[in-house]
Amino acid sequence: MKHVTRAQIHVFQDKVFLFYKTNGRKLPWRKTTDPYMILLSEFMLQQTQVPRVILYYKKWIKRWPTIHHLATASRKEVLQMWMGLGYNKRALSLHKTVQIISQTYRGDVLLAMNHFRTLPGVGLYTSNAVQIFAANEDIVTVDTNIRRIFIHEFHLPQDTSKKELWALAKQCLPNGKSRTWHNALMDYGSLVLTAKKTGIAPCTRQSRFEGSDRQIRANILRILLVSSFSYSELSEKIDVDNTRLRKILEKLIREEIIILQNKRYQIREERSN
DNA sequence: CTCCAGCTGG
DNA sequence: CCAGCAGGAG
């Protein structure tokens, strides 16, 4: 375990806070502490850049201002409102999570975060982020920005374990200032210590999009959001061999995103459980 | 080509 | 531990 002195931590904190004071971004989800709205923003921000999330976030809180509104929305509209943000399954995970929180936790988002393993699409990062930004809890979270900052600032190897990074994050947390601290870290990471500038690669990289199953999945969903189609109709609209198309459709059914009913593929409205 | 306020199932 | 998962901007 890398040793970091209190003095080093203090210098580091001052530097980040000083930057944030004059260069911090004004983002819509920073104007609220409503746990539902924070949860919404965190779902959208998973692997998606801030600039693209802003408009979607505003659109969503206007359409579904409370957790109850979203919990009772149709899955089709949820997908339509999400379309373009990417990783469409996230939208349905968010919808399901909000329904669970509404039904099982009486709409108490913060309470539910303590049981995040029961919530689809919510991992340790998101659970802690919601508690930090909504309630200023004295806990930490480490995203790709914060990881990059720690590796750069304390000269750690790029393969530093998650456990060690989180431990270091705890040492650096200024108690009582968790919300501001994490906002400041994220701005410092995305505006100053960028991936390009530091040469620190993210821990998860992905395969190319062009010609991928992901691209085809997105096409299928776009088409099924307009109307339901039979297999033959669908295969005419999507230029891909039958074996592959069948396989992708099977997977979408397995993931409970679409359903085959009366020989027609369509967006699944309700989940089984 | 790269990256992005990650999560999930195998 | 790893591959898969959207889409757009640099």
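Below is a short write-up of the structure. This structure is a prediction, so every number in the text was calculated from the model and none was measured. (Residues numbered from 1 in each chain as written. Chains lettered and ligands numbered in written order. Predicted model: local features only at pLDDT ≥ 70, side-chain atom pairs only at ≥ 80, totals over all residues. Heavy atoms only, no water.)

### Looking at the protein's contact with DNA strand C
So the rule is basically this: Proximity is defined per residue: any heavy atom of the residue falling within 4 Å of a molecule or strand makes that residue near it. In protein, a polar contact means a hydrogen-donor-capable atom and an acceptor-capable atom, both N or O and within 3.5 Å, with residues adjacent in sequence counting only if both atoms are side-chain atoms; elsewhere, any N or O pair within 3.5 Å suffices. Every helix listed is a DSSP run of H or I at least four residues long, and every strand listed is a run of E at least two residues long, numbered separately from the N terminus. Any residue outside Ala, Val, Leu, Ile, Met, Phe, Trp, Tyr, Cys, Pro, Asp, Glu, Lys and Arg is labelled polar, Gly included; the first ten of those are nonpolar and the last four are charged.
Not every one of the 17 residues close to DNA strand C is listed here, only the nearest: Gln49, Tyr87, Gln206, Ala218 and Arg222. Across the atoms of DNA strand C situated within 4 Å of the protein, the share located in sugar and phosphate is 55%. Between DNA strand C and Gln47, the relevant distance is 3.2 Å, taken from a base nitrogen to a main-chain nitrogen or oxygen of the residue. Take Lys251: an N or O atom from its side chain is 3.5 Å from a sugar or linking oxygen of DNA strand C. Looking at the surface near DNA strand C, the element that brings in the most residues is helix α13 (residues 213-226), giving five residues. Taken together, the residues of the surface near DNA strand C sort by class into five nonpolar, six polar and six charged.

### Considerations on the nonpolar core
Selection criterion: Put simply, a nonpolar core is a bunch of buried Ala, Val, Leu, Ile, Met, Phe, Trp, Tyr and Cys residues held in one set by side-chain atoms that sit within 4.5 Å of each other. The buried label goes to any residue with under 20% of its type's maximum accessible area, the exposed label to any with over 50%, and the partly exposed label to all in between, with areas taken from a 1.4 Å probe on protein chains only. The contact rule is simple, with two residues in contact once any of their heavy atoms fall within 4.5 Å.
Core analysis: the largest hydrophobic core is formed by 90 residues, its most contacted members being Trp60 and Leu70. In terms of residue count, helix α2 (residues 35-45) provides more of this core than any other element does, eight residues in total. Setting aside anything within four residues of it in sequence, one finds Leu70 in contact with Tyr36, Leu40, Trp60, Trp64, Val78, Leu94, His95 and Val98.

### Comments concerning the packing of helix α9 (residues 144-153) against helix α11 (residues 178-191)
Between two packed helices, the angle of one axis relative to the other and the distance separating the axes together describe the packing. Quick note on the threshold: Convention adopted: a line fitted to C-alpha atoms gives each axis, helices being fitted over their contacting stretch, and angles between N-to-C directions are expressed from 0 to 180 degrees. Note that the term roughly parallel is reserved for angles under 35 degrees, roughly antiparallel for angles over 145, roughly perpendicular for angles of 65 to 115, and oblique for everything else.
Packing of α9 against α11 brings their axes to within 8 Å, and their N-to-C directions diverge by 75 degrees. On the basis of the axis angle, α9 is roughly perpendicular to α11. Mapping the contact onto sequence places Asn145, Ile146, Arg148 and Ile149 in α9 and His182, Leu185, Met186, Tyr188, Gly189 and Ser190 in α11.

### A closer look at unusual backbone geometry
The backbone of Gln47 sits at a positive phi, close to 60 degrees, despite the residue not being glycine. Mapping Gln47 onto the fold places it in the loop between α2 and α3 (50-63). Judged by relative accessible area, which is 57%, Gln47 ranks as exposed. At Asn136, a position not held by glycine, the phi torsion is positive, near 55 degrees. As for its placement among the helices and strands, Asn136 is situated in the loop between α8 (124-135) and α9.

### Structural notes on the environment of Ile258
Mapped onto the fold, Ile258 is located in strand β2 (residues 258-261). Judged by its relative accessible area of 0%, Ile258 is buried. Measuring from C-alpha to C-alpha, the distance between Ile258 and Leu40 comes to 23 Å, with 218 residues separating the pair along the chain. Apart from the residues lying within four places of it in its own chain, the contact partners of Ile258 are Leu221, Leu224, Leu249, Leu252, Ile253, Tyr265, Gln266, Ile267 and Arg268.

### Quick look at the pairing of strand β3 (residues 264-267)
Applicable threshold: Paired strands, in this sense, are two strands between which DSSP finds at least two bridges.
Pairing between strand β1 (residues 229-230) and β3: two bridges, direction antiparallel. Bridge pairing in β3 links Phe229 to Tyr265. Bridging between β2 and β3 involves four bridges; their strand directions are antiparallel. Paired with Gln261 across the bridge in β3 is Arg264. Between β2 and β3, which pair antiparallel and follow one another directly, the connecting turn spans two residues, one of which, Asn262, has a positive phi of 50 degrees.

### Here's the deal with the protein's contact with DNA strand B
Around DNA strand B sit 29 residues in total, of which Gln49, Asp143, Asn145, Arg148 and Arg208 are the nearest. Counting only the atoms of DNA strand B that lie within 4 Å of the protein, the sugar and phosphate share comes to 67%. Within the contact set of DNA strand B, a base nitrogen lies 3.5 Å away from a side-chain nitrogen or oxygen of Arg25. For DNA strand B, a phosphate oxygen lies 2.9 Å from a polar atom in the backbone of Gln47. Counting residues per element, the ones that place at least two in the surface near DNA strand B are α2, α8 and α9. No other element matches α9, which puts three residues into the surface near DNA strand B. For the surface near DNA strand B, the residue count by class is 12 nonpolar, 10 polar and seven charged.

Coordinates in, geometry out; function isn't part of it.
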